[in-house]
Each structure stands twice: as C-alpha cells, then as structure tokens.
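# Observations on the three-dimensional arrangement
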Amino acid sequence: MTERPFRRLALIGVGLIGSSIARAARAAGLADEIVANARTETTLAKVRALELADRAEPDPARAVEGADLVILCTPVGALAEVAARIAPCLAAGTILSDVGSTKQSVIRDVEPLLPQGVHFVPAHPVAGTEFSGPEAGFAELFQGRWTILTPLAGTDETATARVERFWRAMGAMTARMEPGHHDRVLAIVSHLPHLIAFTICNTADHLEQQAKEQVLDYAASGFRDFTRIAASDPTMWRDVFLNNREALLEMLARFNEDVQAMARAVRWGDAGYIEDSIARGRRIRQALIEKKQA
Ligand code: NAP
C-alpha cells in the first residue's frame, strides 16, 4: 500500500470549507486519520452523523495533538483566538495552514503566536457557495478552482510544496501570491461584489417597507442573482469586510467613481458610454467562460 501524504489531518472549524476538505481529502486518500473540531456540540454531532472525520473533537488543543497538517477553517475574525488555543500543542515540524478569505490579517493574527519549528503556509481556496455548515460541503468543491498560497518570506519550501500538492490532489489549481496582492485582488473579485449584493438587497428591502412596493414579488433575474450572493453567512462576511478594510475601501472608492460616471451618462443621454460599459461587462463574462471559471 502506498503511503498517504499526511498521518493526521486536523481541521479546526468544519463548516462549508472544512467539511469539503474532509470529504475531498478522504476521497483522495490524503491522510491516515482526519480529526475535526467545531465550536458547538450541534456541529460536532453533525460531523459524527455525516461521518466526516475519524474523530470529532470538542477541544481545539486536543484536536491538533499529533497532527502533521492542521488547517484553520473558522471565520477569519476567530483565528487569533483559535491560534492562541492551539499554539502550545503544535509540535515542531507541523504544517499549519488556513483557508481564510483575507491573508494579511490572518498572517498578522496567527504568525506571532506560533512556536519555533511550526511551518505556517497561509492559503485561500477561491471556491465556495452561499451555504454554510458541515452539511453544505461536498468533495468536488475545489475541482478546477484556484487555491492561492501566500507563504511568508521565511516559510519552509518543502512545507509550501506539500500544501500545494495537497490542494492539487483535491482537484484545485494552485498559485502563489504576495499577501497584500491577494487581498487587493480578492477585494475586487469577491469582497466588493458581496458588499454590493448585500447593499442592493437592503435598498430593495427599505423600498418595499417604505413605499409598500412589491419589489420582492416581481424580483427579476438581475435582482435574483444578487439575492443568491446576499444569502451568504453574516459572520463570515462581517469578518472579511473588517479584516480587508483598506483594500475593500479602495475598490469601493473606485467603484463609486465608475457608478457616478454611469449615472452621468444616463442623465445626459450618453448612449455611447452606456453601450461601451455594457459591452465591457459582456467581454469579461465571455473571458470567464473561456477560462472555465464561470
Ligand atoms: P462556516 O460554514 O460558517 O463554518 C465555520 C466553522 O467555524 C464552523 O465549524 C464553526 O463552528 C467554526 N467557528 C465559527 N466561529 C468560531 C469561533 N469564534 N471559534 C471557533 N470556531 C468557530 O464557514 P465557511 O464558509 O466554511 O468559512 C470558513 C472559512 O473559509 C472562513 O475563514 C472563510 O473566510 C473561508 N472561505 C469561505 C468561502 C465560502 O464561500 N464560504 C470560500 C473560501 C474561503 P460551529 O458550527 O460549531 O459554530
């Protein structure tokens, strides 16, 4: 029998992403044993019922004992506290990674707490759905999707390469990025679209409440697509916005400028500007389809 890449994989947080890793890692035979930790007994009971792990462990410190790969899968706002709890139990040589949607904040919150000899390899699978919790995960979630690694200057190359192989074995494509660059890119492709979706749903809701308009009864497809994104988990997204503040505000400022330009074109009947903007949007959609990321 060929040896598996890891002896014990510990997942701290086992919602959509953690449970998808559990399923995919098991399907690909990436660890001899999977230990899952969640905060609440409700989630641990689901982990047991769904048989997502070999052991469902309520204590994060005990969950990481003896693990050679630990992946933090909680909302990014919880990572400092989680890292403080597990750090004393991480043995030298352990690879610690995460799946957080922001990378500079995760490095800021986690890295200073780690004992010598622990290899920290921050990562972010750019894959997800609007659903959360262990029942929402599925083994194919990462297939054909990017996982971005943001190793630090001193990160052990062997550890980084092992984390890359782990993600590729689950079907992902991997790339490396500088953490600040990651946060700017994700601010425009993910964080700003979510902010807009939450906001437009709020605007429609206010309108419905104030004017008794039947906005939601007749929600056309454009609005419906926003509501799918807006169904995402409030805690996770609150944490993303607060932990990628600078990049998100920068992209929002640029977006506001473009919105104003579009408003001006509508006011002054600038058909050329409007048509050109829409055509650019279509070209972006077409490019995504060609890259198989649509
Ligand atoms: P999720 O489904 O809501 O699961 C979160 C998990 O973290 C649960 O097991 C939860 O335990 C645990 N948790 C929550 N708050 C905690 C706390 N304060 N201390 C300890 N554990 C806590 O979330 P998710 O969608 O998997 O997201 C997890 C991470 O992946 C986030 O950092 C997010 O930024 C990142 N990510 C998400 C997506 C996406 O589309 N959802 C995509 C890429 C990356 P209980 O259930 O017991 O409360």
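Residues numbered from 1 in each chain as written. Predicted model: local features only at pLDDT ≥ 70, side-chain atom pairs only at ≥ 80, totals over all residues. Heavy atoms only, no water.

A separate point is the overall build of the protein chain. Broken down by element type, the protein chain carries 11 helices and nine strands. In summary, the protein chain has a C-alpha radius of gyration of 21 Å against a globular reference of 19 Å for 294 residues, a match within 12%. The principal-axis extents of the C-alpha atoms in the protein chain amount to approximately 70 × 40 × 35 Å. Within the protein chain, the proportion of its 294 residues that are buried is 42%. Sequence separation of 24 or more characterises 73% of the internal contacts of the protein chain that already satisfy a separation of 6 or more. Total accessible area computed for the protein chain in this model is approximately 15900 Å², and 53% of it derives from carbon and sulfur atoms. Side-chain charges of the protein chain comprise 33 positive and 37 negative groups, with the mean position of each set lying 2 Å from the other. (Helix = DSSP H or I, 4+ residues; strand = E, 2+ residues; numbered from the N terminus. Rg over C-alpha atoms; globule rule 2.2 N^0.38 Å. Buried < 20%, exposed > 50% of the residue type's maximum accessible area, 1.4 Å probe, protein only. Contact = heavy atoms within 4.5 Å. Areas by Shrake-Rupley, 256 points an atom, 1.4 Å probe, with all protein chains shown as cover. Lys, Arg positive; Asp, Glu negative; His and termini not counted. Charge placed at Lys NZ, Arg CZ, Asp CG, Glu CD.)

To continue, consider the environment of glycine 272. The topology assignment puts glycine 272 in helix α11 (residues 271–290). When its relative accessible area of 48% is taken as the criterion, glycine 272 is described as partly exposed. Remark: the alpha-carbon pair of glycine 272 and glycine 100, spanning 172 residues in sequence, is separated by 41 Å.

Turning our attention to the pattern of salt bridges. Under the counting rule described, the total for this entry stands at 16 salt bridges. Residues arginine 8 and glutamate 33 are paired through a salt bridge, measuring 2.8 Å at the closest nitrogen-oxygen approach. In this pair, arginine 8 sits in strand β1 (residues 6–12) while glutamate 33 sits in strand β2 (residues 31–37), placing the two residues 25 residues apart along the sequence. Classification of arginine 8 as partly exposed rests on a relative accessible area of 22%. Assessed through its relative accessible area of 21%, glutamate 33 is described here as partly exposed. Here aspartate 239 makes a salt bridge to arginine 238, at a shortest N to O gap of 3.0 Å. Taken together, the shared-partner salt bridges connect Glu157, Glu164 and Arg176 into one network. (Salt bridge = Lys/Arg side-chain N within 4 Å of Asp/Glu carboxyl O.)

By way of backbone hydrogen bonds, the strands of a sheet pair with one another, either parallel or antiparallel. Spatially, β7-β8-β9 is the arrangement adopted by the three strands of the open sheet, whose pairing is mixed. Each having just a single partner strand, β7 (123–125) and β9 (173–176) make up the two edges of the open sheet. Along the sheet, successive strands turn relative to each other by an average axial angle of 20°, direction set aside. (Pairing = 2+ DSSP bridges. Axes fitted to C-alpha atoms, helices over the stretch in contact; angles between N-to-C directions.)

This next bit is on the nonpolar core. Counting residues in each nonpolar core, the largest one holds 38 residues, and the members touching the most others are Leu9, Ile21, Ile71, Phe142, Phe166, Trp167 and Met170. Per element, the largest residue contribution to this core is six residues, and it comes from helix α1 (residues 16–27). Setting aside residues no more than four positions away along its own chain, phenylalanine 166 makes contact with Phe6, Leu9, Ile21, Ala25, Leu30, Leu69 and Ile71. Grouped together as the second largest cluster of nonpolar side chains are 21 residues, Ile12, Ala67, Val82 and Ile86 included. (Core = buried A, V, L, I, M, F, W, Y, C linked by side-chain atoms within 4.5 Å.)

This part takes up the pairing of strand β4 (residues 69–72). Consecutive side chains of a regular strand alternate in pointing toward one face of the sheet and then the other. Burial along β4 is two-sided: the residues Leu69 and Ile71 and Val70 and Leu72 are all buried. Strand direction decides the pairing type here: β1 and β4, joined by four bridges, are parallel. Within the sheet, the bridge partner assigned to leucine 9 lies in β4 and is leucine 69. With four bridges connecting them, β4 and strand β5 (residues 95–98) associate as parallel partners.

Our focus in this paragraph is helix α9 (residues 234–243). Within α9, the full set of buried residues consists of Trp237, Asp239, Val240 and Asn243. All buried residues of α9 lie within an arc of 160° about the axis, which places them on one face of the element. Those residues of α9 that are exposed and aimed more than 90 degrees away from the buried face are Pro234 and Leu242. Where α9 is buried, its residues touch α5 (104–110), α7 (179–211) and α10 (245–267). The N-cap residue of α9 is aspartate 233: its side-chain oxygen and the backbone nitrogen of threonine 235 are 3.4 Å apart. (Arc of directions from axis to C-beta. Polar contact = N/O pair within 3.5 Å; in protein donor to acceptor, adjacent residues only side chain to side chain.)

With that settled, consider the site of the ligand. Taken together, 26 residues surround the ligand, and among them Val14, Thr40, Thr43, Thr74 and Ser101 come closest. Contact between the ligand and isoleucine 17: an oxygen atom at 2.8 Å from a main-chain N or O atom of the residue. A distance of 2.6 Å separates an oxygen atom of the ligand from a polar side-chain atom of threonine 40. Its free accessible area being 900 Å², the ligand has 86% of it covered by the protein chains. For the shell around the ligand, the class distribution of residues is 13 nonpolar, 12 polar and one charged. (Near = heavy atom within 4 Å. Nonpolar A, V, L, I, M, F, W, Y, C, P; charged D, E, K, R; others polar.)

Before going further, it helps to examine unusual backbone geometry. Look at glutamate 51: it is not a glycine, yet its phi comes out positive at around 55°. Its place among the elements puts glutamate 51 in the loop between α2 (41–49) and β3 (55–56).

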